[in-house]
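# Tertiary structure, described
Residues per chain are reported as follows:
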Amino acid sequence: MRVLLVGSGGREHALGWKMAQSPRLKALYIAPGNAGTARLRADGAEIANLPVKADDKNALVQTALERKIDLVVIGPEGPLAAGLADDLRAKGLAVFGPSQAAAEIESSKVFSKEFMQRRGIPTAKFSVFRDYDRALAYIHELEHPIVIKASGLAAGKGVIIPENPSQAETALRQIMVEKVFGPSGDDVVLEERMSGPEVSLFGFTDGNSVQVTVPAQDHKRIFDNDRGPNTGGMGAYAPVPVFAPAMAEKIQRSILQPAIDGLREEGRPFVGVLFAGLMLTAQGPKVIEFNCRFGDPEVQVILPLLESDLLEILMACATGHLSEVQIHWSKGAAACVVLASEGYPGKYPSGRPISGLDAARPDSFVFHAGTREQDGRIVTSGGRVLCVTGWGESIPLALKSAYTAIGPIRFEGMQYRKDIGRLAVTSTLHA
Ligand code: AMP
Ligand code: GLY
């Protein structure tokens, strides 16, 4: 099988790493990839980065045709929201990733919330506003705490949890008047604030059937003990002890399958992976948000636990045969720690040389996120630079493998959380 993988982050390095283990792989091109994907190897397969940007739809379609690609796998939400999957399918290519219309489940929070409401999918109560003055009046009327969300894509920064009405007012003004997220803030969702542990659950889907992965938990805040601003994710672990196996079945039945059926019935069949960000509230699990792609860094802990052939699963989704595939997961655990640049999630430097990447270990792997090659050296090129994943029979052992593997790695200004997975080790079962 000849595969084109679109994207350049830790998620794409993990997807490439797992696909490279498939005996069916003949060629894997990553557009544009990073220094980690450039180093992927597989017996009997050609693997290479291509200098094609993830947002250059025409060049990606042309590349897929020229290189006789059997399957295109689209990693990030940006190209999906821009309709890359539609353009590829129009040329008869098999694609893992939803159409532009189906990707609205992530790219428009207004669509997503109204969809959940009409489909009876449990989520926080909400109201939608386009008018600043009306939104402002509403937040002053409310008695309960709220969450403010820009409707469009905002690189994980469009959600504000104000601690008082004055913070809410400032956030609302920044989004709706100052337009800090551009047109993504034309519409705003104001919703009830929920509480409870958070879990990410992914469903592979061919548009009809859904098969869930093991659940994972992300760590969104930059500092230990969940302090500081939100980031794209600073670490993750899987599976999640607060999430009993019966809960995964319940969520597949009451959330993922109704979402996939609803999208199909509304003329937006969803092919790819549907990511449910969930909160386990006292009233049961509720959807915080849907995403139209794998979570990063969640997928870096999910794929090491996958015992089946990823390429076969992705192809089955793309061609409508998922129900014929049996997916097996290891009984063990995995954990990852993100090594970030100083200043992240704000402004950060790049071009800093990274050392200590060569120590290969049997129970860990270093996924590259923001790295590139410069004069024969690997240097930093992003906020999240590396994602070090370890695995073992239990979460404590997986954490030990991950933190041990970080040992030799150095770059100037490197920062990472020391408390990844601590809650998993102390929490109780949520049935
Ligand atoms: P999102 O970008 O939608 O995943 O939101 C980012 C984070 O904001 C989530 O991981 C939650 O921690 C928090 N959040 C979003 N919506 C709510 C809500 N309705 N109630 C409480 N926390 C929320
Ligand atoms: N780690 C959360 C996300 O990928 O959206």
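Each remark here, short or long, concerns the structure printed above.
Residues numbered from 1 in each chain as written. Chains lettered and ligands numbered in written order. Predicted model: local features only at pLDDT ≥ 70, side-chain atom pairs only at ≥ 80, totals over all residues. Heavy atoms only, no water.

In the vicinity of ligand 2, the residues found are Asp-218, Gly-232, Phe-275, Asn-291, Arg-293, Gly-295, Asp-296, Pro-297 and Glu-298. A distance of 2.8 Å is found between an oxygen atom of ligand 2 and a side-chain nitrogen or oxygen belonging to Arg-293. At 2.9 Å from a nitrogen atom of ligand 2 is found a main-chain nitrogen or oxygen belonging to Asp-296. Relative to its unbound accessible surface of 200 Å², ligand 2 loses 90% to contact with the protein. Looking at the shell around ligand 2 residue by residue, the classes come out as two nonpolar, three polar and four charged. (Near = heavy atom within 4 Å. Polar contact = N/O pair within 3.5 Å; in protein donor to acceptor, adjacent residues only side chain to side chain. Areas by Shrake-Rupley, 256 points an atom, 1.4 Å probe, with all protein chains shown as cover. Nonpolar A, V, L, I, M, F, W, Y, C, P; charged D, E, K, R; others polar.)

So, on to the pairing of strand 14 (residues 227-230). Here strand 13 (residues 221-223) pairs with strand 14 via two bridges, running antiparallel. Residue pairing in the sheet places Arg-221 in a bridge with Asn-230 of strand 14. Hairpin geometry of strand 13 and strand 14 is characterised by an intervening segment of three residues between the two adjacent antiparallel strands and by a positive phi of about 60° at Asn-225. (Pairing = 2+ DSSP bridges. Helix = DSSP H or I, 4+ residues; strand = E, 2+ residues; numbered from the N terminus.)

This part takes up the side chain of Thr-231. With respect to the helices, strands and loops of the structure, Thr-231 is situated in the loop between strand 14 and strand 15 (235-238). We classify Thr-231 as buried; its relative accessible area is 6%. There is a polar contact of 2.7 Å between the side chain of Thr-231 and the backbone oxygen of Lys-220. Among the polar contacts made by the side chain of Thr-231, one reaches the main-chain amide nitrogen of Gly-233 at a distance of 2.8 Å. With sequence-adjacent residues up to four places away left out, Thr-231 is seen in contact with His-219, Lys-220, Arg-221, Ile-222, Tyr-344 and Pro-345. (Buried < 20%, exposed > 50% of the residue type's maximum accessible area, 1.4 Å probe, protein only. Contact = heavy atoms within 4.5 Å.)

Right, let's talk about the site of ligand 1 for a bit. Lining the immediate surroundings of ligand 1 are 15 residues, of which Glu-191, Glu-192, Met-194, Glu-198 and Glu-289 lie closest. Lys-149 places a polar side-chain atom, nitrogen or oxygen, 3.0 Å from a nitrogen atom of ligand 1. Contact between ligand 1 and Glu-192: a nitrogen atom at 2.9 Å from a main-chain N or O atom of the residue. Within the complex, 91% of the 480 Å² of free accessible area of ligand 1 lies under protein. Of all the secondary-structure elements, those providing two or more residues to the shell around ligand 1 are strand 7 (146-150), strand 9 (188-192) and strand 17 (284-291). Class assignment of the residues belonging to the shell around ligand 1 gives a composition of seven nonpolar, no polar and eight charged.

Interpretation note: all reported values are geometric properties and have no functional meaning in isolation.
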